[in-house]
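Chains, contacts and geometry: an overview
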There are 2 protein chains.
Amino acid sequence: MRVIILGSAAGGGVPQWNCGCEHCRDARARGASRTQSSVALSADGERWILLNASPDVGAQLAARRVLWPRNARGTPVRAVVLTDGEIDHTLGLALLREGPAPLPVYAPSGVAALLDEPWPLVRLLRAYAGVEPRLLPEGQAVALADLAGTPLGISCTAVAVAHHPPRYAPAARAGSFAVGLRLVDERGGRALAYIPTAGAVDDAVRRIAAGSDLLLFDGTFWSDGELRAAGVAAPTAREMGHLPVGGAGGSATLLPRLGAKRTVLVHINNTNPILRRGGPERAEVEAAGLTVGEDGMEFEL
Amino acid sequence: MRVIILGSAAGGGVPQWNCGCEHCRDARARGASRTQSSVALSADGERWILLNASPDVGAQLAARRVLWPRNARGTPVRAVVLTDGEIDHTLGLALLREGPAPLPVYAPSGVAALLDEPWPLVRLLRAYAGVEPRLLPEGQAVALADLAGTPLGISCTAVAVAHHPPRYAPAARAGSFAVGLRLVDERGGRALAYIPTAGAVDDAVRRIAAGSDLLLFDGTFWSDGELRAAGVAAPTAREMGHLPVGGAGGSATLLPRLGAKRTVLVHINNTNPILRRGGPERAEVEAAGLTVGEDGMEFEL
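Residues numbered from 1 in each chain as written. Chains lettered and ligands numbered in written order. Predicted model: local features only at pLDDT ≥ 70, side-chain atom pairs only at ≥ 80, totals over all residues. Heavy atoms only, no water.

With respect to the overall build of chain A
We count it as follows: Elements are defined by DSSP. Helices are runs of H or I of four residues or more, strands are runs of E of two residues or more, and each kind is numbered from the N terminus. Here the globule rule reads 2.2 Å times residues to the power 0.38, and the radius of gyration is calculated from C-alpha atoms. When accessible area is computed with a 1.4 Å probe and restricted to protein chains, residues below 20% of their type maximum are described as buried, those above 50% as exposed, and intermediate ones as partly exposed. Note on definitions: a residue-residue contact is assigned when non-hydrogen atoms from the two residues lie within 4.5 Å. The method behind every accessible area is Shrake-Rupley, applied with a 1.4 Å probe, and residues are considered shielded solely by the protein chains displayed. When charges are counted, Lys and Arg contribute as positive and Asp and Glu as negative, whereas His and the chain ends are disregarded. Taken as the charge centre is NZ of Lys, CZ of Arg, CG of Asp or CD of Glu, depending on the residue.
For chain A, the count of helices and strands is 10 helices and 14 strands. Compactness check: chain A gives a C-alpha radius of gyration of 18 Å against a globular reference of 19 Å for 301 residues, within 12% of the reference. Projecting the C-alpha coordinates of chain A onto the three principal axes gives extents of approximately 50 × 40 × 40 Å. Looking at chain A residue by residue over its 301 residues, the buried ones come to 61%. Residue pairs in contact within chain A that sit at least 24 positions apart in sequence constitute 68% of those at least 6 positions apart. Carbon and sulfur atoms make up 50% of the accessible area of chain A, which totals about 10,500 Å². Separation between the mean location of the 30 positive side-chain charges and that of the 30 negative ones in chain A comes to 3 Å.

Now the structure itself:
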C-alpha cells in the first residue's frame, strides 16, 4: 500500500491568508506552503483513493505525477473517503466536479447528512459530473470500490472519534461527525490508521491505531490556549475538539503507547510551534518518536 | 489605481486536475500553473478590492506582498465584488471565512439569489466571520466601501452582459447572472473595464469598455468547438455563453474597435491555443493588439 500526505496543514493552510504569525510570515518569505489536510493511498500504485477533499486538491494532484491523468480526460483518483464535514475536508469535492464520471464519495451518516443540509454540496454537484454518495457504516469493514463496483484492494473501517461538529452544523443535530479510519491492504494486510481530528486518545483511537503500520494523527495544536496566545479571539483546542500535542496528557505522551509502527502528525495548524525546525516543541515531539508530517511525504507499507 | 491579475485561468485552472491536453501536460512538466480567475485593485495601494473570489485565493494572496496581513490577524482586502455566481468565481468566499471581520461582498441581485438558494454559501458562512452582502444595482455607479462604510476611492458600475446562468442554477430562475464592471478611480478618473465572461461584444460591453484605460475581457475559448476537439463531451463555447476569441466575429476582431487603451484577455481555459507561446493563435491575438493575461500581471492606471 502506498500512502502520500498530500496536505499536512489544518484548515487555512500555512500561510493562512489572514494570519501574520511567525510561521505564516516565515512561509511567505520563503515562498513555501503547507496545503490543507488530505492523504492519497493506493493498493496497486495505479488506482488512488483520496482521504478527504482539500480546497487545495488541484495543486495537490498537480504536484504528484502518479495522480496525473493518463489520457485526454481522466484521473487515477477512483474514490474519496471523508472523515468529517469540515469545510477544509470537503470543499475539494466542488473542485473535482468536472468528471468525466461521478466520483464515489464514502462518508459516515452524520457527515452525509451535513452535505445534504445545511450545506447541499452533493445536490449542487449533480449539475456537473456529480458524486456518488456511499455510506460508511460504523465499525464495519467496507471494501472500497470504484464507480463500477470493482474493489480497489483496500478495506476501510470507520470508528467515531471524540470531536465536535463543524461550526456550520445546526446545534440540535445529532450523529457522528468525525471518524477515524483503519485502512487495510487486502493483499498484504498492512494497515494505515488515519485520524486527522481527535479530541482524545481513547478506546476508539486505540481500536483504529493498535498495531497499525502507520498512524497519521491530529497534530492541529501544541497547547490548549494557542490560538488566543496568537492574538485570535477563539475557543481553546479542546473546545474545538482537538487534543493538544504538548503538555501533560497531550498526544506526544499518549501516542507512543498505541503500538503503531510509525506515527506522523498531520492537520497541523499554522500557529503550532512544532512547525519551527530546531525549536524545543519539535525536539520534544521527535524525542517521543513522532514525526512532523510534511506535504509530499510518501510511505510504502 | 493599481490592478493585479491574481488568476488568469478559467474554472479548473491550468493544469486542470482531470485534463491531459497539451497545455496541461506542459504546465505539469514545468511545474507552472495559472490559477483561477480573480483580480485585485486598489485606489491607494493599501486597501484592496477583490474582483471575484477564486478557489485559489489562498495561494493568490500569498503570492503578492501587498496582500499580506500587516499584523497578527488581518488583511488588506476590504471588499469583494462578484460578477457572476460560477463556482470558480465564488468558492473563495468559503476560504476567506476566518475573518477577523465580516467581508463586504457586492453582487448583482441574480447572483445574490443563487448564493442563497440553491447554494446557501452566505448562510453557511454566518457560522464563521461571515460576509456582508451588498447589492450591486444595475447600471448605477456605487462607491465601494469597507465594512465601516468608509469609501475605498473606487466607484463601480455593473452592467448585465450576455452570458448563461451557472449549470447549478434552477432552469426556471430569471435575473441577471453575469455583469461586467466599470471601475473608476474617483480621484484620477482612470477606468478599469472588467468583463471576465461575455457571450458577445454588444452594447452592454461597449458601454462598460468604451474609453477605458484597461479592459480585461473573456478569453475562455479560441473556437466554438474547442472542448469537443479536446475529447470532452461538452457544449460549444457559445452554448456556454462565451464568445470565442478566434475566427470570424471572434473577440480578437471586435475588441480592438472598442477604444480601450489596453486590452488583456483573462479567464483563459486550459484548452485555449493562445496559451502556446509562438503558436499562430497567440500571434494573431498579439497582432490584433491584445495581450494574453498572466497571473501576477500588474497595471498602474
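Some words on the packing of aromatic side chains
Residue and element names in this part refer to chain A. Counted only if it meets this: Two rings belonging to Phe, Tyr or Trp (six-membered ring only in the last case) form a pair when the distance between their centres is within 6.5 Å. Interplanar angles under 30 degrees mark stacking, angles over 60 mark edge-to-face geometry, and anything in between is tilted. Counted as over-ring charges are cases with an Arg CZ or a Lys NZ within 6 Å of the ring centre that also lie within 35 degrees of the ring normal.
Within this structure, the stated rule accounts for 2 aromatic pairs over all chains. Consider the rings of Trp119 and Tyr168, whose centres lie 5.8 Å apart with planes at 70°: the pair is edge-to-face. Of this pair, Trp119 sits in the loop between helix H5 (109–114) and helix H6 (121–125) while Tyr168 sits in the loop between strand S8 (151–160) and strand S9 (179–185), and the two are 49 residues apart along the sequence. An identical accessibility class is assigned to Trp119 and Tyr168; each is buried. Here Arg97 stacks its cationic end above the ring of Tyr128, 5.3 Å away from the centre of that ring.

A closer look at the interface of chain B and chain A
To be explicit about the condition: Reported buried area values correspond to the accessible surface (1.4 Å probe) lost by two parts on association, with both partners' losses combined. Whenever Lys or Arg places a side-chain nitrogen within 4 Å of a carboxyl oxygen from Asp or Glu, that contact is recorded as a salt bridge.
Across the contact, 43 residues belong to chain B and 43 residues belong to chain A. Interface area, chain B with chain A, both sides summed: about 4,100 Å², of which 62% is carbon and sulfur. When the area that chain B buries against chain A is broken down by residue, the three leading residues are Trp17(B), Arg73(B) and Leu124(B), summing to 21%. For the pair chain B and chain A, the number of links is 2 salt bridges.

Notes on the relation of the copies chain B and chain A
Selection criterion: When the copies are superposed, the least-squares fit draws on C-alpha atoms of residues that have pLDDT of at least 70 in both.
With an RMSD of 0.0 Å, chain B superimposes on chain A once it is rotated by 180° and translated 0.0 Å along the axis. As the rotation angle and translation indicate, the two copies are arranged about a two-fold axis. When the interface residues of chain B are mapped onto chain A, 100% of them again fall at the interface, so both copies present the same face.

Thoughts on the environment of Leu181(B)
All names here are of chain B. With respect to the helices and strands, Leu181 occurs in strand S9 (residues 179–185). Placed 173 residues apart in sequence, Leu181 and Ser8 show a C-alpha to C-alpha distance of 17 Å. Leaving out residues up to four positions away in the same chain, Leu181 has contacts with Leu51, Val81, Thr83, Leu136, Cys156, Thr157, Ala158, Leu192, Ala193, Tyr194 and Ile208.

Topic: the sheet that holds strand S12 (residues 263–266) of chain B
All names here are of chain B. We apply this condition: Paired strands are those between which DSSP finds at least two bridges. Axis lines are fitted to C-alpha atoms, over the contacting stretch for helices. Their N-to-C directions set the angle, which ranges from 0 to 180 degrees.
A sheet is described by the order of its strands in space; here 7 strands give the open sequence S7-S8-S9-S10-S11-S12-S13, paired in mixed fashion. At either margin of the open sheet sits one strand with a lone partner, and together these are strand S7 (142–145) and strand S13 (290–292). Direction aside, the axes of adjacent strands within the sheet are offset by 25° on average.

Side note on unusual backbone geometry
The omega angle of the peptide bond from Gly99(A) to Pro100(A) is 25°, so this bond is cis rather than trans. Positionally, Pro100(A) belongs in the loop between helix H4 (92–95) and strand S5 (103–107). Residue Pro15(B) is reached from Val14(B) by a cis peptide bond, and omega for that bond is 0°. Looking at the element boundaries, Pro15(B) is found in the loop between strand S1 (2–7) and helix H1 (22–30).

A look at the sheet that holds strand S3 (residues 48–51) of chain B
All names here are of chain B. Strands sit in the order S6-S5-S4-S3-S2-S1-S14 across an open sheet of 7 strands; the sheet is mixed. The sheet is open, and its two borders are formed by strand S6 (131–135) and strand S14 (298–300), each paired with just one other strand. Across the sheet, the mean angle separating the axes of adjacent strands is 25° when strand polarity is ignored. As defined by bridge partners, strand S2 (residues 38–42) adjoins S3 across 3 bridges and the pair is classed as antiparallel. Within S3, the residue paired with Ala40 across the bridge is Leu50.

Here's the deal with the pairing of S9(B)
All names here are of chain B. Of all 7 residues making up S9, 5 are buried, and the element is well covered by its neighbours. Sheet topology note: the strand S8 (residues 151–160)/S9 ladder contains 7 bridges and is antiparallel. Each bridged residue has a counterpart across the sheet, and for Ala160 the counterpart in S9 is Val179. Sheet analysis places S9 next to strand S10 (residues 191–195), joined by 4 bridges and oriented antiparallel. In the sheet register, Leu183 faces S10, and the bridge partner there is Leu192.

What about the side chain of Ser54(B)?
Residues and elements named next belong to chain B. The cut-off we apply is this: Distance and chemistry together define a polar contact, namely a pair of N or O atoms within 3.5 Å, with one atom able to donate a hydrogen and the other to accept it when in protein, and with adjacent residues in sequence counting only for side-chain atoms on both sides.
Note that Ser54 resides in the loop between S3 and helix H2 (57–62). Within polar-contact distance, the side chain of Ser54 engages the backbone nitrogen of Asp56 at 2.9 Å. Beyond its immediate chain neighbours, meaning those up to four positions away, Ser54 contacts Gln36, Ser37, Ser38, Gln60, Asp88 and Gly92.

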